[in-house]
Amino acid sequence: MKRHVRDLAIFGGSALFRNPRAVGRPNQLDRQAFLRRISDVLDSGQLTNDGPQVRSFESMVRRVAGTRHAIAVCNGTMALQIMAMACGLTGEVIVPAMTFIATAHALKWVGLTPVFADVDRHTHTLNADSVEACISPQTSAILGVHLWGNPCDTDQLRDLAHRHKLPLLFDASHAFGCQTRGVRIGGLGDAEAFSFHATKVLQAVEGGAITTNDDQLAERCRRLRNFGITSLTEISALGTNGKMSEIAAAAGLTSFESFQDVVGSNQRNYDQYQIGTSGIPGLEMMRLTADQFGNAQYIVAHVVESDFGMSRNELLAILRADGVFARSYFEPGCHNAIPYSGKAAHHRTELPVTDQLLTEVVQFPTGTGVEANDITAITDLVRFAQRNSTEVRSLRAAQNTQLRSHPNDPVVVSTMPDAA
Ligand code: T4K
């Protein structure tokens, strides 16, 4: 419990957590169950190339996504690449700038130009008006991202895609197990791409999948995943090696066994954060609407500097020094990343909401490794920082070069660049 501003670790006080609480730390797999599956894989001799573990994993993904097809691949980035190739996209694809860089990179790697559209301030998903302003004769698809598991506004995007005769695709990397108005994420649009990276709510260490109800599209994805091979003597497409291994699928199947528990624990953590942050001026927790079901794998909030008394980056520095490894995903925004900045085609419209969000959005630690009393301590720390923001700022101004970071922090946070 901090009593004085000088008790904050950034000013030399002792850290709240010696072992930091982090965003994205993998949820543990049941070791015995995983080892049993690995043993089965080794006994079978089938280590990869569409074996039984991958097929079982695909059937589980199909069940949760509610689709006819699920094609497992080696990671979420590859799922996006194969999905784009299988849809025969050319030229430009409209994506949000507010997403993980992999959404844009995956397109670029298959020769497409991502064109960045703005997002809605409350859901952080594509704004249909901004998408429409980005459409050009070169546009070949719209790729929405269900960021943080928030479903895109599919009605508006579907209508737009329909009017412009464009395929509608989704990056559902954050949204496994989510629903909107009773419809499961996975079957929205022409196809959706998932990530099952170790940091995700369902994990295969590294893994991904494409889901679709389109039989022919599914067949093309399967072929592209395996070098474009159609038979022993025929290669019919420019494919790649996107296969998921049997060991990764074994991890994924093991992760499935605890999936509901992980989601339940995330949701309890979310509720606890809601309670703990209630009434803190300038700290707005992101909420789903009543007709949406989320997996709560990201705990997202806005820090509104004018009300909170300090910026998101100042808060981050304080938290991290105390061992609360909160994040500022997805700074700097795809449009500001070196491979995309400064190129006219990527900036067809202004991105005022994205630019604002990139300075104020924060993600708090969660997952099964984060306990209820950890969250109470974290939210008390946030409240303490806000209440004492004036004193924090003046002390910081006096000590700017001597600020401490947590000894285990891989990110250097010894100065705060946006000092007032
Ligand atoms: N589209 C979207 C919207 C995405 O968010 C992503 C991936 C993709 C597409 C592409 O999917 P993949 O190709 O990755 O399947 C993570 C993940 O690498 C990435 O999968 C994810 N999105 C992105 C949002 O975040 P980091 O930079 O947050 O991970 P890192 O290394 O900082 O780890 C988080 C915390 O967990 C740290 O405290 C370290 C700890 N950790 C991490 C790993 C991996 C562990 O303790 N053990 C571990 O094994 O990237």
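As the structure is a prediction and not an experimental result, all values here were calculated from the model.

A sheet is described by the order of its strands in space; here three strands give the open sequence E13-E15-E17, paired in antiparallel fashion. The open sheet has two free edges, formed respectively by strand E13 (283–285) and strand E17 (361–364), since each of these has just one partner strand. The average undirected angle you get between the axes of adjacent strands in this sheet is 35°. Lying over the sheet, helix H9 (residues 259–277) contacts E13, strand E15 (299–303) and E17, oriented at roughly 150° with respect to E13.

Quick look at the sheet that holds strand E5 (residues 139–145) now. A sheet is described by the order of its strands in space; here seven strands give the open sequence E2-E10-E9-E6-E5-E3-E4, paired in mixed fashion. Pairing within the sheet leaves two strands with one partner each, and these edge strands are strand E2 (69–73) and strand E4 (113–117). Looking at each pair of strands side by side, their axes are set apart by 25° on average, direction ignored. Across five bridges, the pairing between E2 and strand E10 (residues 208–212) is antiparallel. Residue pairing for E10: Ala70 is matched across the bridge by Thr211. Packed on one face of the sheet, helix H4 (residues 101–109) meets strand E3 (92–96), E4, E5 and strand E6 (168–171) and runs near 150° to E4.

Of the volumes computed, that of the largest pocket is approximately 400 Å³. Along the walls of the largest pocket sit 22 residues, with Phe100, Ser195, His197, Thr199 and Lys200 positioned nearest its centre. Elements with a minimum of two residues in the lining of the largest pocket: helix H3 (76–86) and H4. A per-element tally of the lining of the largest pocket places H3 first, with three residues. Residues lining the lining of the largest pocket come from more than one domain, with at least three contributed by each of domain 1 (5–25 + 259–415) and domain 2 (31–257).

Attention shifts here to the site of the ligand. Residues in contact with the ligand amount to 25 residues; listed here are only the nearest, Thr77, Asp171, His174, Ser195 and Tyr329. Between Gly76 and the ligand, the recorded distance is 2.8 Å, taken from a backbone N or O atom to an oxygen atom. At a separation of 2.4 Å, an oxygen atom of the ligand approaches a polar side-chain atom of Tyr329. Notes on the ligand: free accessible area 920 Å², of which the protein chains cover 73%. Taken atom by atom, the bulk of the ligand overlaps the largest pocket. For the shell around the ligand, the secondary-structure elements that each account for two or more residues are H3 and H4. Here the element with the most residues in the shell around the ligand is H3; it accounts for three residues. Residue composition of the shell around the ligand, by class: nine nonpolar, twelve polar and four charged. Summarising the domain contributions, the shell around the ligand has at least three residues from each of domain 1 (5–25 + 259–415) and domain 2 (31–257).

What counts, and at which threshold
- Residues numbered from 1 in each chain as written.
- Predicted model: local features only at pLDDT ≥ 70, side-chain atom pairs only at ≥ 80, totals over all residues.
- Heavy atoms only, no water.
- Pairing = 2+ DSSP bridges.
- Helix = DSSP H or I, 4+ residues; strand = E, 2+ residues; numbered from the N terminus.
- Axes fitted to C-alpha atoms, helices over the stretch in contact; angles between N-to-C directions.
- Contact = heavy atoms within 4.5 Å.
- 1 Å grid on protein atoms, 1.4 Å probe; cavity = no way out; pocket = protein on both sides within 12 Å on 5 of 7 lines; lining within 4 Å.
- Points joined across faces, edges and corners; volume = space filled by probe spheres on them.
- Domains from an automatic or database assignment.
- Near = heavy atom within 4 Å.
- Polar contact = N/O pair within 3.5 Å; in protein donor to acceptor, adjacent residues only side chain to side chain.
- Areas by Shrake-Rupley, 256 points an atom, 1.4 Å probe, with all protein chains shown as cover.
- Sits in = over half its atoms within 2 Å of the grid points.
- Nonpolar A, V, L, I, M, F, W, Y, C, P; charged D, E, K, R; others polar.

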